[in-house]
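So the chains spell out like this:
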Amino acid sequence: MEVTPNHTQTVAGWAAMDESGKIVPFTFKRRENGVDDVTIKVQYCGMCHTDLHFIHNDWGITMYPVVPGHEITGVVTKVGTNVTGFKVGDRVGVGCIAASCLDCDHCRQSEENYCDKVALTYNGIFWDGSVTYGGYSNMVVAHKRFVVKIPDSLPLDAAAPLLCAGITVYSPMKQHGMLDAAAKGRRLGVVGLGGLGHVAVKFGKAFGLDVTVISSSPAKEREARESLKVDNFVVSTDQKQMQAMTRKLDYIIDTVSATHSLGPILELLKVNGKLVLVAAPEKPVELPSFPLIFGKRTVSGSMTGGMKETQEMMDVCGEHNITCDIELVSTDRINDALDRLARNDVRYRFVINVGGDSKL
């Protein structure tokens, strides 16, 4: 393992060493807390579908050993001399980004997630040339720009997945006007009821949208209606149900990371409707031209969100008491949880109890 100068803090974590994706205990070094840095004792870390892709090198870009985890919550233990927004004892979170250039147009507009030089929280290259290690570890050192405050009303465990799943759906919902007062009563479709989907439903309901879940799992209907209070539930493999929803929706957020056709989904949109993709299927999705042309519909993508927007999203969640529905996992059960995540056997997000006290 290469050690960068000033990486002197020994950290206990959990890493995948090869494409088998098996997570094992791993000791490594983190940098000293710099003048602009915040050191955080990790309490909880959410398990994202992206973690699976990276540990198995699905995208061909993994640098092993890889310490996953970009839904990190914890408590500040140290702050640098230039840090004014955080103090020791603060409840904070770190999401998908560890660094960006801070100087381009995107960074100036707090769209750090679209910076050409963005470094991800894990499997990225930091400013000093070191490989970044994520939140499957007992502490992290983060630049102050990439840390957010967690409102006191939100528990740190159920808030953790908001740092990826939450912002990933909040950002496009805001961008496309779904959260505006004028959108109240409009109709939102959410494709896939997993980690991202269930949070999209909660935002939709909190902002007064009429929410339809489109899922291939009929077994999820009861829970969707009773617990998440969705207005409609459509089984995507049932042609009658799909047909009955033709041209009914104003917006659709597609959270499904399995390869699927967008054709049948586009047919559910009204004329001029918007479909936003937020998941990353490995193979290209099928996009027939007819439903696009005949309905003047738009397909776009969105990836996480910038830091200003992430803090705003956290504050909105505090205000509306929006958290993720989670299942806590001990550090010795990470591999079991990843196996279940690969089978979509989770309601709706696993969170690793790294060093937490769920009363926090």
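Residues numbered from 1 in each chain as written. Predicted model: local features only at pLDDT ≥ 70, side-chain atom pairs only at ≥ 80, totals over all residues. Heavy atoms only, no water.

**What to know about the pairing of strand S16 (residues 326-330)**
The pairing of S16 with strand S17 (residues 349-353) spans five bridges and is classified as parallel. By the bridge assignment for S17, Ser330 is matched with Asn353. The parallel pair S16 and S17 is bridged by helix H11 (residues 334-342), and the resulting crossover is right-handed. (Pairing = 2+ DSSP bridges. Helix = DSSP H or I, 4+ residues; strand = E, 2+ residues; numbered from the N terminus. Right-handed = clockwise from strand over helix to strand, strands pointing away.)

**Some thoughts on the pattern of salt bridges**
Evaluation of the coordinates by the stated rule reveals 20 salt bridges. Among the ionic pairs, Lys202 bridges to Asp325, the shortest N-O distance being 2.7 Å. Of the two residues, Lys202 sits in helix H5 (residues 195-206) while Asp325 sits in the loop between helix H10 (307-320) and S16, which places them 123 residues apart along the sequence. Asp325 sits in the partly exposed class, given a relative accessible area of 25%. Here the residues in one salt-bridge network are Glu327, Arg340, Arg343 and Asp345, joined through shared partners. (Salt bridge = Lys/Arg side-chain N within 4 Å of Asp/Glu carboxyl O. Buried < 20%, exposed > 50% of the residue type's maximum accessible area, 1.4 Å probe, protein only.)

**Examining the UniProt feature "domain: Enoyl reductase (ER)" (unreviewed entry) in the chain**
Mapped onto the present numbering, the UniProt feature "domain: Enoyl reductase (ER)" (unreviewed entry) falls at residues 16-352. Within the segment residues 16-352, helix and strand shares are 25% and 26% respectively, and the terminal C-alpha atoms sit 16 Å apart. (UniProt positions renumbered as here; feature names shortened; annotations may be inferred.)

**Description of the sheet that holds strand S15 (residues 298-301)**
Pairing in this open sheet of six strands is parallel, and the strands run S12-S11-S10-S13-S14-S15 from one edge to the other. With partners counted over all chains shown, the strands left at the sheet margins are strand S12 (232-235) and S15, one partner each. The mean inter-strand angle of the sheet, taken between neighbouring strand axes irrespective of direction, is 20°. The pairing of strand S10 (residues 187-191) with strand S13 (residues 249-254) spans four bridges and is parallel. Each bridged residue has a counterpart across the sheet, and for Gly189 the counterpart in S13 is Ile252. (Axes fitted to C-alpha atoms, helices over the stretch in contact; angles between N-to-C directions.)

**Topic: the nonpolar core**
One recurring pattern in soluble globular proteins is that nonpolar side chains are buried together. Core analysis: the largest hydrophobic core is formed by 53 residues, its most contacted members being Leu162, Leu188 and Phe203. Elements represented by at least two residues in this core include exactly helix H3 (156-159), helix H4 (165-175), S10, H5, strand S11 (210-215), S12, S13 and H10. The two domains that each donate at least three residues to this core are domain 1 (9-164 + 325-353) and domain 2 (166-301). Filtering out sequence-adjacent residues up to four positions away, Leu162 remains in contact with Leu154, Ile167, Val199, Met313, Met314, Cys317, Ile322 and Cys324. Core analysis: the second largest hydrophobic core is formed by 40 residues, Ile23, Val42, Val67 and Ala337 among them. (Core = buried A, V, L, I, M, F, W, Y, C linked by side-chain atoms within 4.5 Å. Domains from an automatic or database assignment. Contact = heavy atoms within 4.5 Å.)

**Things to note about the domain arrangement of the chain**
Examined at the domain level, the chain breaks down into domain 1 (9-164 + 325-353) and domain 2 (166-301). Summarising the inter-unit geometry, the C-alpha centres of domain 1 and domain 2 are found 28 Å apart. Contact residues are listed per partner, giving twelve residues for domain 1 and 16 residues for domain 2. For the pair domain 1 and domain 2, the summed buried area comes to about 1,200 Å², and 49% of that belongs to carbon and sulfur atoms. Linking domain 1 to domain 2 there are two salt bridges. Taken together, the links from domain 1 to domain 2 amount to nine residue pairs in polar contact (both at pLDDT 80 or more). The residue inventory of the side of domain 1 that touches domain 2, partitioned by class, reads six nonpolar, two polar and four charged. (Buried area = accessible area lost by both parts, 1.4 Å probe. Polar contact = N/O pair within 3.5 Å; in protein donor to acceptor, adjacent residues only side chain to side chain. Nonpolar A, V, L, I, M, F, W, Y, C, P; charged D, E, K, R; others polar.)

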